[in-house]
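Coordinates in review
Here are the chains, one letter per residue:
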Amino acid sequence: MHPASRRAVLTAAVASLGGCLSTFDTVEPPGTHPPDAELRLDIERPGENGERVYVHNDGTTDVPMRGYLLEYDDGIVYEFDRLTLEPGSWVAVESTSVLEGMDRSDPPKFVRGANRDDRLCPDGRVTLVGPQGTIVGSTTCPA
């Protein structure tokens with residue numbers, strides 16, 4: 001193969017590979033739990049089978065929630081997506097099939113559905129676990 005032809009093939013291969021790599025650039029790995037973050041758990045039961053577990057950001061720093069988990073004593077795990085809790089904001093995880101939502105208030109409020117027909121936490125505890133296994137908080141589920 002002529003050197004100019006090899007160069008053209010190599011340039012095309014690198015260009016196509018670069019396009020593939022650019023999709024990986026958008027995926028951010030989970031970080032760590034900020035040492036000055038103040039996240040608080042709260043549970044609300046608005047109906048017979050309904051349940052909301054709130055994660056409140058009571059601190060003064062933004063907390064990217066990707067990689068955080070809610071772990072329930074009965075083995076259910078809910079993993080948060082790529083939302084960021086600003087100081088004063090919260091996210092509610094509902095036991096219903098509610099789609100993702102966001103209140104555009106300042107700071108914003110978020111709702112996530114766990115796609116379950118019954119309570120996530122009928123008894124026992126729910127624990128908020130940080131991206132690298134750090135226990136951030138825990139609360140007892142009301143009976």
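Residues numbered from 1 in each chain as written. Predicted model: local features only at pLDDT ≥ 70, side-chain atom pairs only at ≥ 80, totals over all residues. Heavy atoms only, no water.

Helix and strand counts for the protein chain come out as one helix and 11 strands. For the protein chain, the N- to C-terminal ordering of α and β elements is α-β-β-β-β-β-β-β-β-β-β-β. When each of the 143 residues of the protein chain is scored for burial, the buried share is 33%. For the protein chain, long-range pairs separated by at least 24 residues make up 48% of all intrachain contacts whose partners lie at least 6 apart in sequence. (Helix = DSSP H or I, 4+ residues; strand = E, 2+ residues; numbered from the N terminus. Buried < 20%, exposed > 50% of the residue type's maximum accessible area, 1.4 Å probe, protein only. Contact = heavy atoms within 4.5 Å.)

For the rest of this paragraph, the subject is the nonpolar core. The biggest cluster of nonpolar side chains holds 23 residues, and the ones touching the most others in it are Val55, Met65, Leu70 and Phe80. For this core, the secondary-structure elements that each account for two or more residues are strand E1 (39–44), strand E2 (52–57), strand E4 (69–72), strand E7 (90–94) and strand E10 (125–129). Element by element, the count of residues in this core is highest for E1, at three residues. Non-local contacts of Met65, meaning those with residues more than four positions away in its chain, are made with Leu39, Val55, Phe80, Asp81, Leu83, Thr84 and Leu85. (Core = buried A, V, L, I, M, F, W, Y, C linked by side-chain atoms within 4.5 Å.)

This next bit is on the sheet that holds strand E11 (residues 135–140). Here we have four strands laid out as an open sheet, ordered E5-E4-E10-E11, and antiparallel in their pairing. Each having just a single partner strand, strand E5 (77–79) and E11 make up the two edges of the open sheet. Averaged over all adjacent pairs, the angle separating strand axes in this sheet is 15°, with direction ignored. One ladder, built from four bridges, connects E4 with E10; its direction is antiparallel. Across the sheet, residue Tyr72 finds its bridge partner in E10, namely Val126. (Pairing = 2+ DSSP bridges. Axes fitted to C-alpha atoms, helices over the stretch in contact; angles between N-to-C directions.)

So, about the environment of Ala92. Within the element layout of this structure, Ala92 appears in strand E7. Setting aside residues no more than four positions away along its own chain, Ala92 makes contact with Arg52, Val53, Tyr54, Phe110, Val111 and Arg112.

Another point: the environment of Thr60. Within the element layout of this structure, Thr60 appears in the loop between E2 and strand E3 (63–64). Looking at Thr60, the relative accessible area reads 75%, which means it is exposed. Separated by 26 residues in the primary sequence, Thr60 and Glu86 have C-alpha atoms spaced 8.0 Å apart.

Mapped onto the elements, Arg40 comes out in strand E1. Judged by its relative accessible area of 36%, Arg40 is partly exposed. C-alpha of Arg40 to C-alpha of Leu128: the two residues are 88 residues apart in sequence and 8.9 Å apart in space. Residues within four places of Arg40 in sequence aside, it is in contact with Tyr54, Val55, His56 and Asp58. For Arg40, the side chain forms a polar contact with the side chain of Asp58, separated by 2.6 Å. (Polar contact = N/O pair within 3.5 Å; in protein donor to acceptor, adjacent residues only side chain to side chain.)

Before going further, it helps to spend a moment on the confidence of the model for the protein chain. Here the protein chain shows a mean pLDDT of 74. Residues at 70 or above account for 60%. Mean pLDDT in the protein chain bottoms out at helix H1 (residues 3–25), which sits at 42, and peaks at E3, which reaches 93. Of the regions scoring below 50 in pLDDT, residues 5–26 engages in two contacts with residues more than four places distant in sequence or in other chains. (pLDDT = per-residue confidence, 0-100.)

What follows concerns the pairing of E11. Pairing of E10 with E11, which is carried by five bridges, proceeds in the antiparallel orientation. By the bridge assignment for E11, Leu128 is matched with Gly137. Linkage of E10 to E11, two consecutive antiparallel strands, is achieved through a turn of five residues, within which Gly133 is found at a positive phi near 85°.

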